[in-house]
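A structural walkthrough
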Amino acid sequence: MDVRGLHIWIVGAARSGIAAARLLHERGARLFVTDLGKIGDEEKKILTDLKIPFEEGQHTIERLLKEAQLVVLSPSIPLDKPLPMAVRQSGIPLVSEIEVASWFIPPSAIVIGITGTNGKSTTTHYAAQLFALGQRNSVACGNYGRPLADALMDPARYNAFVTELSSYQLETTYSLQPDVSIFLNLQNDHQARYGSLDEYLKAKWRLVALTRSTGLVVIDESVLRRAIAIGLPLPESRITVIRGLRDARVPLTPLNEHPANQTLRKAQSRSRAHLPIPTYGLTATLPMEAQIDPDKLSYVWIEKSSTDERAVTLVVQDSQRGSANLTLEIKDPCLPGVHNQINIAAASLAAMHDGMHANIIRAQWNSATTVYKHLSHRLEDVSRGRLLVSAGGNKKSLRAINDSKATNVESTLVAVQSFSHSIRLLLGGEPKGDFYGELLPYVGKNICKIYPFGRAAPLICQQLSGIGDRLAPPSAKMLDAARLALEESEQDDVLLLSPACASFDEFKNFEHRGDAFRHWILQHMEK
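Residues numbered from 1 in each chain as written. Predicted model: local features only at pLDDT ≥ 70, side-chain atom pairs only at ≥ 80, totals over all residues. Heavy atoms only, no water.

Next up on the list: the nonpolar core. In globular proteins that are soluble, nonpolar side chains generally tend to be buried together. Grouped together as the largest cluster of nonpolar side chains are 40 residues, with contacts concentrated most on Ile112, Tyr126, Phe131, Ile182, Val218 and Trp365. Looking at this core element by element, the count peaks at 8 residues for helix α13 (residues 338-353). Beyond its immediate sequence surroundings of up to four residues, Ile112 is in contact with Phe131, Phe161, Val162, Thr163, Val180, Ile182 and Ala350. Core analysis: the next-biggest nonpolar cluster, separate from the first, contains 39 residues, Leu24, Val33, Val139 and Leu170 among them. (Core = buried A, V, L, I, M, F, W, Y, C linked by side-chain atoms within 4.5 Å. Buried < 20%, exposed > 50% of the residue type's maximum accessible area, 1.4 Å probe, protein only. Helix = DSSP H or I, 4+ residues; strand = E, 2+ residues; numbered from the N terminus. Contact = heavy atoms within 4.5 Å.)

Let us now look at the confidence of the model for the protein. Per-residue confidence for the protein gives a mean pLDDT of 90, with 92% of residues at or over 70. Counting contacts from residues 253-260, a segment whose pLDDT is below 50, to residues more than four positions away or on other chains yields 16 contacts. (pLDDT = per-residue confidence, 0-100.)

This part takes up helix α15 (residues 409-416). Restricting attention to buried positions, one finds in α15 the residues Val409, Thr412, Leu413, Ala415 and Val416. The buried residues of α15 occupy an angular sector of 160° when projected down its axis, which confines them to one face. For α15, the elements touching its buried residues are β19 (423-428), β20 (447-453) and β21 (494-497). (Arc of directions from axis to C-beta.)

So, on to helix α14 (residues 358-365). Among the residues making up α14, those that are buried are Ile361, Gln364 and Trp365. Around the axis of α14, the buried residues are gathered within 100° of arc, so they sit on the same side. In this structure, the buried side of α14 is in contact with α6 (120-132), β12 (297-304), β13 (312-318), β14 (326-330) and α13.

Looking now at the packing of aromatic side chains. For the coordinates displayed, the defined rule picks out 7 aromatic pairs. Relative to Phe104, the ring of Trp103 lies with its centre 6.3 Å away and its plane at 70°, an arrangement referred to as edge-to-face. Take Trp103 and Phe104: they sit in the same class, and that class is buried. Cluster of aromatic residues (ring-pair linked, three or more members): Tyr168, Tyr194 and Tyr200. When the ring centre of Tyr168 is taken as origin, the NZ or CZ atom of Arg193, which lies over that ring, is 3.7 Å away. The ring centre of Tyr299 lies 3.7 Å from the NZ or CZ of Arg243, which sits over that ring. (Phe/Tyr/Trp six-rings, centres within 6.5 Å; stacked < 30°, edge-to-face > 60°. Lys NZ or Arg CZ within 6 Å of the ring centre and 35° of its normal.)

Here it is as structure tokens:
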């Protein structure tokens, strides 16, 4: 798009706003930046060096409405606030930084769009590294990594843009055309902004609707069913439905025929654009083949091995087949947990769509052959199979996992469910009002002992008092608890830092806490 001479106002001078300003300035636009808060010194220097005028501490809406031909809105500003409402009422186009960046993506590049409530950053981080192993120069960008506009400042450098996209960013994005869109899951979040789960889904659904007709949508089955139930438009692209974890001991069965299928198929043969009114209530139970063109539909799921607790198999099946048409066996995944296997599977399907060979995908997924660099503080495997040495000089084969980002019990439950047995759980920090008793069903199963620490330790001890000697004495500091756990650990235990608490009683933030744990583990590794 030619923006030379176009008068553009950028609302918000955070990372995405500054990135949009730099890109648009390079393309010859006339710019003005406004921020209701104080603009940081580094951002001011960038604007000053580029001779881009700005204001801070206010939005002069009257001036904006007179001057602006286009407004780039920060994703942090809801559309029902006075400024965006005034812009829309005036008829001035209102767009996101992602929308601006999409105008300058090279035609030869591939775009991967990733959204969902949880797992976006992990999937983006993994997919960017996976694409780099093929014929692509990839970059992780969007809501994670670099702003997309920033990555496009050097368009010749990259030909694969792996882009995490939040609902906030998607609200005002119209021109992005992902080659592959990934919709991981949907949970209650951002209700203050959207008011209901369906409104939240509608905002994220824009990514699916924008997908190229020749592309691929990889989507969680429950999300797709909800979208169909509320009447959201299906994409023209192929669709691969994520069915999560499947028990490998249960044999594959042919696709079942629902009693209502014949009625529905007759109705669809008359008009594929509309479902007959009497069948709307059946969308929750009808097979996907009855609601989506079977020629464009496939399924993906994860099977856990019945003989090896770490091994998994990725299975892909076209909707019209009664048996799998692709299987990838992974002996020891580089990321633990079913949720992470689904994230990796989604990234792998994107790479397959781009032509990557299954052998590359298998090698990157397996711990023994991967070159994957873990996302810090999110189930980060710090020890990577090396021996740990206790204070007494005993060498132990342990897995040390840094999950410092788990600042609530819900996140810690996900971490605990990622390992099958022998977890020594470091739990504590600054309490946030969570109930630690939610961990009780796992104590004595995969959690062998809990080590409370920090300001939350007395509360943890109180709420978990019934587990006896599976609860260690409280420690004042995180590393005191870690030392005790290391001394008491046995071969093949998992030393898991997943605190379910904030970090501010001892550390600056969860990153500082995770860095301290990682540094301590590295000090105790066999040289």
